Amino acid sequence: MEDERYITFENYLTNKLSNEELKLFEEKIQSDVNFKYEFEIYKALNSSLASKFSNEEKEQELKKTLTSLGNKHLKKETKVISLFNYKKLMVAASIALLIGFFLFKNGDPVYSDFSNHHKLELVVRSENNQAISKAEAAFNSKNYKEALEQLNTLSQIYLNDTEILLYKGICLLELNNFFEAEAIFDKISTGNSALVNQAIWYKALSLLKQKKYLECKKVLKTIPKSAEEFKQAKKLLRKL
Amino acid sequence: MNQKPHEDHIYIEALLKNDSRVLSKIYEKYSYKIVAMVKKNNGNADDAQDIIQETLVTIYHQAIEKGFILTCPFDAYFYLLCKRKWLNELKKRGNKKVTILEDITSISEEQKQQVEETELFEQQHQLFESKFKELGIKCQELLKASFKIKSMEKVAEFLGVSYGYARKKKSQCMGQLTKLVKNSTEFQQLKEY
């Protein structure tokens with residue numbers, strides 16, 4: 001009797017019920033509270049176990065990463081900087097500050113002061129794709145033409161990948177194809193991925209590179225306070 | 001569920017992608033607060049590391065299974081989860097005085113809701129795991145194989161049984177598990193979901 005019930009659940013979840021059985025099933029869900037209750041548990045278990053077992057390897061990989069990050073960041077806390085090193089550090093820091101001061105104080109801000117791109121790291125995508133490693137190598141060595149070609153190939157495989165799209169935009173910006181670059185940044189910034197603010201920031205950089213300071217300012221002001229880019233944006237705004 | 005992800009949703013994506021560059025930012029930016037909280041409350045740096053890692057793995061589970069979307073800043077959400085986890089750990093260890101005093105004062109309704117959602121998910125997840133282990137070893141193996149391999153034809157081949165038998169057995173084992181969960185006291189408390 002009860003076995004029968006679970007077979008029905010299984011068949012329902014794997015789309016194996018005939019039309020007639022499906023009708024019966026749906027009626028029963030409506031009328032029998034206990035049947036519905038058990039089905040909900042069965043379904044939740046099914047989804048939980050499916051997720052657990054099909055992602056087991058990924059989970060192990062993640063744990064490895066977290067363990068090594070934890071060891072790196074949380075285990076070395078007893079290390080104390082000796083006074084001598086500390087002094088050296090202070091001197092170095094003030095020199096860096098001075099240099100920074102001179103670099104920034106003279107005239108209008110320039111694109112290259114702000115265009116420190118994050119490294120392109122797509123390796124985490126499971127497939128060992130040649131285009132991925134080529135794109136990364138090219139981008140990270142500032143060979144934007146080559147990187148753009150590889151990213152174009154990749155975007156045909158990963159159709160809706162915002163990260164790839166954003167990096168395409170950065171390459172275009174570096175190659176002074178402002179129009180196309182900005183079209184990409186606009187597209188991302190009106191979407192709802194996690195890269196929205198980065199796209200806005202790059203739009204601003206594109207305007208900066210073209211010396212369209214007023215427009216650049218306007219765009220910068222739309223970056224919310226909570227964004228990672230906010231600090232840079234504020235810095236740039238001060239200089240405009 | 002059409003929620004707009006918060007900027008900090010990058011951390012959830014980083015968990016899904018195992019992106020160590022972004023993940024290391026979590027450790028750089030947010031871990032010291034948690035270490036300090038644990039140390040102040042009868043723990044050490046190792047405890048803090050465990051709590052942080054377990055919390056991140058829970059968020060990962062929720063993201064991969066339920067498509068969890070972070071709609072509030074990561075900072076307070078993560079801190080509160082770690083704090084409550086440490087509280088539970090202290091209780092488990094038999095500490096009687098487990099009121100952690102210092103607290104973040106400004107917590108929005110939304111953040112609280114997200115924290116609770118994650119906690120509820122975790123409780124259910126743990127319950128399912130522990131009940132799964134109560135199944136007989138044959139059932140455990142069959143279920144594991146059927147969720148890993150996905151095609152029941154191949155599962156049957158793998159286990160050396162007929163396709164019909166494998167399917168029937170799978171629903172029987174799932175049925176047993178359903179009953180174990182249903183009759184547990186923990187599940188009665190987890191009404192939602």
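Everything in this summary refers to the structure shown in the same document. Given the structure is predicted, the values throughout are model-derived calculations rather than measurements. (Residues numbered from 1 in each chain as written. Chains lettered and ligands numbered in written order. Predicted model: local features only at pLDDT ≥ 70, side-chain atom pairs only at ≥ 80, totals over all residues.)

Attention shifts here to the overall build of chain B. Along chain B, the regular secondary structure elements total nine helices and zero strands. What you see in chain B, going N to C, is helices and strands ordered as α-α-α-α-α-α-α-α-α. When each of the 193 residues of chain B is scored for burial, the buried share is 35%. Relative to all contacts within chain B whose residues are 6 or more apart in sequence, the contacts with residues 24 or more apart total 71%. (Helix = DSSP H or I, 4+ residues; strand = E, 2+ residues; numbered from the N terminus. Buried ≥ 20, exposed ≤ 12 C-beta atoms within 10 Å, placed from the backbone. Contact = placed C-beta atoms within 7 Å.)

This brings us to the nonpolar core. Within the largest apolar cluster, 72 residues are counted, with the highest numbers of intra-cluster contacts made by A135(A), A204(A) and L15(B). With sequence-adjacent residues up to four places away left out, A204(A) is seen in contact with C216(A), V219(A) and L220(A). (Core = buried A, V, L, I, M, F, W, Y, C linked by C-beta atoms within 7 Å.)

Another aspect to go through is helix α2 (residues 20–40) of chain B. A turn of α-helix holds 3.6 residues, and therefore any two residues three or four places apart point the same way. Residues and elements named next belong to chain B. End to end, α2 covers 29 Å across 21 residues, agreeing with the expected 30 Å (1.5 Å per residue, within 8%). Maximal helix bending in α2 amounts to about 55 degrees, located at Y30. Looking at the residues trailing α2, positive phi occurs at N42, about 65 degrees. (Expected span 1.5 Å × (residues − 1). Bend = angle between axes of the 7 residues up to and from the residue.)

This part covers the packing of helix α9 (residues 162–174) of chain A against helix α11 (residues 196–209) of chain A. Residue and element names in this part refer to chain A. Orientation of α9 relative to α11, taken along the N-to-C sense of each, is 10 degrees, at an axis distance of 11 Å. By the angle between their directions, the pair α9 and α11 is classed as roughly parallel. Contact with α9, carried on its side by L166, G169, I170 and L173, involves Q198, A199, Y202, L205, S206 and K209 of α11 and no other residues of that element. Counted by class, the contact of α9 with α11 contains six nonpolar, three polar and one charged residues. (Axes fitted to C-alpha atoms, helices over the stretch in contact; angles between N-to-C directions. Parallel < 35°, antiparallel > 145°, perpendicular 65-115°, else oblique. Nonpolar A, V, L, I, M, F, W, Y, C, P; charged D, E, K, R; others polar.)

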